[in-house]
Amino acid sequence: MLDGLMAAWAVFWLVIGSWTALSLWELSHLGETIVTSGQAIGSAGRALETIAELPVVGEGPGALARQVREAAERIVTSGHEAKSNLRRLGVLVGLAIALIPTVAMLGCYLPARRERRQAGKSPPRSESGT
């Protein structure tokens, strides 16, 4: 009975850890959305550059275009970092949730189980000492 409870405990935490890891992994798609947004902003910056090339417009749009493109590059970089960090976090948190309670439980339960098993296998001792 106790073995079954311990197995259920381990399976429960493995399922919860896996579910958490998967949920955080799916959040990494936000990084892809950030990258796509940064690329769209970069396109807007390139469009502003074409306007800046017109002689009657002046230098204002050109400076704005550079700022927009620089911001877009930072956004794309941050999106890639967010994606990889969320995936790494998903794996680490999932493993921690699955393994910490399971290993702690097994570390306490298995030695006691081994002692019970060995006590059941040992021959009865005679009280006279012979």
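The structure we're discussing is the one just above.
Residues numbered from 1 in each chain as written. Predicted model: local features only at pLDDT ≥ 70, side-chain atom pairs only at ≥ 80, totals over all residues. Heavy atoms only, no water.

1. A closer look at a nonpolar patch on the surface
A cluster of nonpolar side chains, contributed by Leu-14, Trp-25, Val-91, Leu-95, Leu-99 and Val-103, occupies part of the molecular surface with about 510 Å² of accessible area. The set of elements that each furnish at least two residues to the nonpolar patch consists of helix H1 (2-27) and helix H3 (60-121). Of all the elements, H3 adds the most residues to the nonpolar patch, at 4 residues. Among the structural elements, Val-91 can be located in helix H3. (Patch = residues over 30% accessible without salt bridge, like charges linked within 9 Å, V, L, I, M, F, W, Y side chains within 5 Å. Areas by Shrake-Rupley, 256 points an atom, 1.4 Å probe, with all protein chains shown as cover. Salt bridge = Lys/Arg side-chain N within 4 Å of Asp/Glu carboxyl O. Helix = DSSP H or I, 4+ residues; strand = E, 2+ residues; numbered from the N terminus.)

2. Details of the pattern of salt bridges
Pairs can form between side chains of opposite charge once their charged atoms are near each other. For the coordinates displayed, the defined rule picks out 2 salt bridges. Ionic pairing is found between Lys-83 and Glu-32, a salt bridge with its closest N-O pair at 3.0 Å. Taken together, the positions of Lys-83 in helix H3 and Glu-32 in helix H2 (residues 29-52) put the pair 51 residues apart, joining distant regions of the chain. Assessed through its relative accessible area of 22%, Lys-83 is described here as partly exposed. Residue class for Glu-32 comes out partly exposed when judged on its relative accessible area of 32%. We note a salt bridge from Glu-49 to Arg-69, for which the minimum N-O separation is 2.4 Å. Of this pair, Glu-49 sits in helix H2 while Arg-69 sits in helix H3, and the two are 20 residues apart along the sequence. Here Arg-69 falls in the partly exposed class, since its relative accessible area comes to 26%. (Buried < 20%, exposed > 50% of the residue type's maximum accessible area, 1.4 Å probe, protein only.)

3. Quick look at the packing of H1 against H2
A packed helix pair is summarised by two numbers, namely the angle formed by the two axes and the spacing between the axes. It is at 4 Å that the axes of H1 and H2 come closest, and there the two elements cross at 5°. Taken together, the axes of H1 and H2 lie roughly parallel to each other. Residues Trp-25, Glu-26 and Leu-27 of H1 lie in contact with H2, whose contacting residues are His-29, Leu-30 and Gly-31. Residues of the contact of H1 with H2, tallied by class, amount to 3 nonpolar, 2 polar and 1 charged. (Axes fitted to C-alpha atoms, helices over the stretch in contact; angles between N-to-C directions. Parallel < 35°, antiparallel > 145°, perpendicular 65-115°, else oblique. Contact = heavy atoms within 4.5 Å. Nonpolar A, V, L, I, M, F, W, Y, C, P; charged D, E, K, R; others polar.)

4. A few points about the side chain of Ser-28
Along the chain, the position of Ser-28 falls in the loop between H1 and H2. On the accessibility criterion, Ser-28 (0% relative accessible area) is buried. If near-sequence neighbours (up to four positions away) are discounted, Ser-28 is found in contact with Lys-83, Leu-86 and Arg-87.

5. Focus on the environment of Glu-81
Positionally, Glu-81 belongs in helix H3. Along the backbone, Glu-81 and Ser-28 are 53 residues apart, and their C-alpha atoms lie at a distance of 9.7 Å.

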